[in-house]
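Chain and residue survey
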Amino acid sequence: MAKILVIEDEASVRENILDLLEAESFETLAAANGKIGLDLAVSEVPDLILCDLMMPNIDGYEVLKKLNLQANTATIPFIFLTARTAKADVRTGMDLGADDYLTKPFTRSELLSAIKSRLEKQKNNIKYTSNNQKKSDSFLPELQILKSCLLRTLAHRKLREFQAHYQPIVDTSSGLIVGAESLVRWQSSELGLISPGELIPLAESTGLIIPIGEWLIHNVCNQTKIWQDAGYKNFYATINISVNQLIQPDFVSKLLKSLVENDLHPSSLELEVTERMIGQDMNTAINRMQELRSHGLKLSIDDFGTGRCSLLHLKQLPIDTLKIDHYFIHNIDKDRQKSVITKGIVEMAHNLNLQVVAEGVETKAELNIVRALKFDKTQGYLLSHPLPVTEFEELLLTNVRLIA
Ligand code: C2E
Ligand code: CA
Ligand code: CA
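Definitions and cut-offs
- Residues numbered from 1 in each chain as written.
- Chains lettered and ligands numbered in written order.
- Predicted model: local features only at pLDDT ≥ 70, side-chain atom pairs only at ≥ 80, totals over all residues.
- Heavy atoms only, no water.
- Helix = DSSP H or I, 4+ residues; strand = E, 2+ residues; numbered from the N terminus.
- Rg over C-alpha atoms; globule rule 2.2 N^0.38 Å.
- Buried < 20%, exposed > 50% of the residue type's maximum accessible area, 1.4 Å probe, protein only.
- Contact = heavy atoms within 4.5 Å.
- Donors = N, O, S within 2.8 Å, 3.2 Å for Na, K, Ca; no water.
- Expected span 1.5 Å × (residues − 1).
- Arc of directions from axis to C-beta.
- Pairing = 2+ DSSP bridges.
- Axes fitted to C-alpha atoms, helices over the stretch in contact; angles between N-to-C directions.
- Right-handed = clockwise from strand over helix to strand, strands pointing away.
- Core = buried A, V, L, I, M, F, W, Y, C linked by side-chain atoms within 4.5 Å.
- Salt bridge = Lys/Arg side-chain N within 4 Å of Asp/Glu carboxyl O.
- Near = heavy atom within 4 Å.
- Polar contact = N/O pair within 3.5 Å; in protein donor to acceptor, adjacent residues only side chain to side chain.
- Nonpolar A, V, L, I, M, F, W, Y, C, P; charged D, E, K, R; others polar.
- Phe/Tyr/Trp six-rings, centres within 6.5 Å; stacked < 30°, edge-to-face > 60°.

1. Side note on the overall build of the chain
Within the chain, the regular secondary structure consists of 19 helices and 14 strands. For 404 residues, the compact-globule estimate of 2.2 N^0.38 gives 22 Å, and the chain sits close to it at 23 Å. C-alpha atoms of the chain, sized along the principal axes, occupy 70 × 50 × 40 Å. With 404 residues in all, the chain has 51% of them scored as buried. By sequence separation, contacts in the chain at least 24 residues apart represent 67% of the contacts at least 6 residues apart.

2. Comments concerning the coordination of the calcium ion (ligand 2)
Protein-derived coordination of the calcium ion (ligand 2) comes from Glu181 (OE), Asn240 (OD1), Glu272 (OE) and Asp302 (OD), at a distance range of 2.1 to 2.3 Å. Sequence positions of the residues that donate to the calcium ion (ligand 2) give the spacing E-x58-N-x31-E-x29-D. Between the two metal centres, the calcium ion (ligand 2) and the calcium ion (ligand 3), the spacing is 3.8 Å, with Asp302 acting as a shared donor. Within this pair, whereas Glu272 is found in strand 10 (residues 269-274), its partner Asp302 is found in strand 11 (residues 298-304), the two being separated by 30 residues in sequence. The buried category is assigned to Glu272, whose relative accessible area is 2%. For Asp302, a relative accessible area of 7% translates into the label buried.

3. A look at the side chain of Lys323
On the secondary structure map, Lys323 appears in strand 12 (residues 321-324). Its relative accessible area of 2% is what places Lys323 among the buried residues. Ignoring sequence-local partners within four residues, the contact set of Lys323 consists of Glu181, Glu272, Ser300, Ile301, Asp302, Asp303, Phe304, Val357, Glu359 and Gln379.

4. Points about helix 14 (residues 282-294)
End to end, helix 14 covers 18 Å across 13 residues, agreeing with the expected 18 Å (1.5 Å per residue, within 8%). For helix 14, the full list of buried residues reads Ala285, Ile286, Arg288, Met289 and Leu292. Buried residues of helix 14, seen end-on, are gathered within an arc of 165 degrees and therefore sit on one face of the element. Where the residues of helix 14 are buried, they touch helix 11 (243-246), helix 12 (251-261), strand 10, helix 13 (275-280) and strand 11.

5. Points about the sheet that holds strand 4 (residues 78-82)
Taking strand neighbours across the sheet as the criterion, the five strands line up as 2-1-3-4-5 in an open arrangement whose pairing is parallel. With partners counted over all chains shown, the strands left at the sheet margins are strand 2 (27-31) and strand 5 (100-103), one partner each. Along the sheet, successive strands turn relative to each other by an average axial angle of 20 degrees, direction set aside.

6. Examining the coordination of the calcium ion (ligand 3)
At the metal site, the calcium ion (ligand 3) is ligated by Asp302 (OD), Asp303 (OD), Glu359 (OE) and Glu359 (OE), and these contacts range over 2.2 to 2.6 Å. Site description for the calcium ion (ligand 3): donor spacing in sequence, D-D-x55-E.

7. Let's talk about the pairing of strand 2
Relative to strand 2, strand 1 (residues 3-7) runs parallel, the two being bridged by five bridges. Across the sheet, the residue bridging to Val6 is Ala30, located in strand 2. Each parallel crossover has a hand, and for strand 1 linked through helix 1 (residues 11-23) to strand 2 it is right-handed.

8. Some points on the environment of Gly207
Residue placement: Gly207 occurs in the loop between helix 9 (196-206) and helix 10 (209-229). Through-space distance from the C-alpha of Gly207 to that of Gly34 is 21 Å; in sequence the pair is 173 residues apart.

9. Here we look at the nonpolar core
Ranked by internal contacts, the top residues of the largest apolar core, which has 80 residues, are Leu150, Phe162, Leu269 and Leu322. The leading source of residues in this core is helix 10, at nine residues. One finds Ala41, Leu53, Val63 and Ala98 within the second-largest nonpolar core, a separate group that totals 21 residues.

10. Let's talk about the pattern of salt bridges
Side-chain pairing between opposite charges can occur once the charged atoms of the two side chains come close. Summed over all chains, the structure comprises 19 salt bridges. With its nearest N and O atoms 2.7 Å apart, the salt bridge here joins Glu214 to Lys254. Here the residue Glu214 occupies a position in helix 10, and Lys254 occupies one in helix 12, the gap between them amounting to 40 residues. On the basis of relative accessible area, Lys254 is assigned to the partly exposed category, the value being 36%. The partner of Lys323 in a salt bridge is Glu359, with the nearest N and O atoms 3.9 Å apart. Here Glu359 lies in the loop between strand 13 (355-358) and helix 18 (364-372) and Lys323 lies in strand 12, a separation of 36 residues in the sequence. With a relative accessible area of 9%, Glu359 lands in the buried category.

11. Here we look at the site of ligand 1
In the vicinity of ligand 1 lie 20 residues, with Arg185, Ser242, Asp302, Glu362 and Tyr381 positioned nearest. Measuring from a nitrogen atom of ligand 1, one finds a backbone N or O atom of Val184 at 3.1 Å. Between ligand 1 and Arg185 there is a distance of 2.9 Å, counted from an oxygen atom to a side-chain nitrogen or oxygen. Residue assignment for the shell around ligand 1 shows that the elements contributing at least two residues are strand 7 (177-188), helix 9 and strand 11. The dominant element in the shell around ligand 1, judged by the number of residues it contributes, is strand 7, at four residues. Within the shell around ligand 1, the residues separate by chemical class into eight nonpolar, six polar and six charged.

12. Considering the packing of aromatic side chains
Following the criterion strictly, the structure yields ten aromatic pairs and no others. A centroid spacing of 5.8 Å and a plane angle of 20 degrees characterise the contact between Phe162 and Trp186, whose relative ring orientation is stacked. Pair noted here: Phe162 is in strand 6 (residues 162-171) and Trp186 is in strand 7, with a separation of 24 residues, a long-range link. We note that Phe162, like Trp186, is buried. Pairing Trp227 with Phe235 gives two aromatic rings, centres 5.5 Å apart and planes at 75 degrees, and the pair type is edge-to-face. With respect to burial, Trp227 and Phe235 carry one shared label: buried. Taken together, the aromatic side chains of Tyr166, Trp227, Phe235 and Phe392 make up a single cluster linked through ring pairs.

Here's what the structure looks like:
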């Protein structure tokens, strides 16, 4: 049964909710203040959190902000309990990424229906998300080993254990490589090759994404300049950015410094952010994105279609490119509904002057549809896996057409 954490400072209200949930056979955790609530959220990773808005010291907004900063707690469905009916309070909570709110006093059926609908939504999200945090959480001892190893590696500044691999981004009509997505790899001397699926959530939850991200940005700027100087003047690289990186106050200045140090034009970098991540701290994220764009950097929405971003919403985002998630491309040739939806997305994105990239193209049949739907660019194992620098360079320098 689902595990629900109740964070509520008023004992009578808390006990009431707990009784109600236990009567419905939910597993429960109780916290009498925000601090205990946060500790329990991190150690227990509940399936859903009910949290009072008005609490002394750490209030409900603060709890949610802190949960948003850690990868393993950021995706837990969060419902505010509020005695206030003021629209502004509710709005603030929703802007911070709360999933729902209940105004006290609420009825048993209101509470249960809000919980049920959130748990259902989360189940679907997990199905579609590529974030395999949940998987790694169920192997806690391994996760601990991985974490201490990562801490040791960074403490000794053994950054050579990290590498960027590059996956070609191919112009769909010419078939030529126009850019590359950088993807981090950790070749640990103690544990062997660790995939980003394991590394990134851990790096995010520990804050180590900041030094790793800085290293990657510097490295990618340096490499991109080398390839441009080799004659590929318009070559660009994309970098995946985590929310924890984006909201660092010095993120933009450090990034600009890396560009200057490598004498690289800002338009040679495209930063990939996900819809999910913008939703976590919408105002800060959008401000930061606007700032980056004002300096000439490009921005894209990664894994489009898996989060909450509607096409309508896109109009307000300072972006250049939409990367349509692998989910939409997989078997697109066999699934009429998928191809109809995807066609609509591409057309609307073009109307908004956005470039559209197909991710995860694995078969010729999928590629044919991607071309027919007029995707601007294509990535996927069919054209090339992500490659280490030397192998990518060989491919680039042959000027090979990856789409005939
Ligand atoms: P993503 O940004 O969606 O990156 C694409 C992932 O899809 C890569 O996995 C890539 O190897 C894989 N892929 C490419 N073509 C195909 C295909 O045809 N079929 C299939 N099934 N998969 C394909 P990878 O390298 O394991 O990265 C996984 C995720 O880790 C990335 O997903 C991204 O979210 C995250 N990540 C990787 N590097 C970084 C990084 O430097 N910083 C941050 N913040 N996240 C990163
Ligand atoms: Ca990406
Ligand atoms: Ca993606």
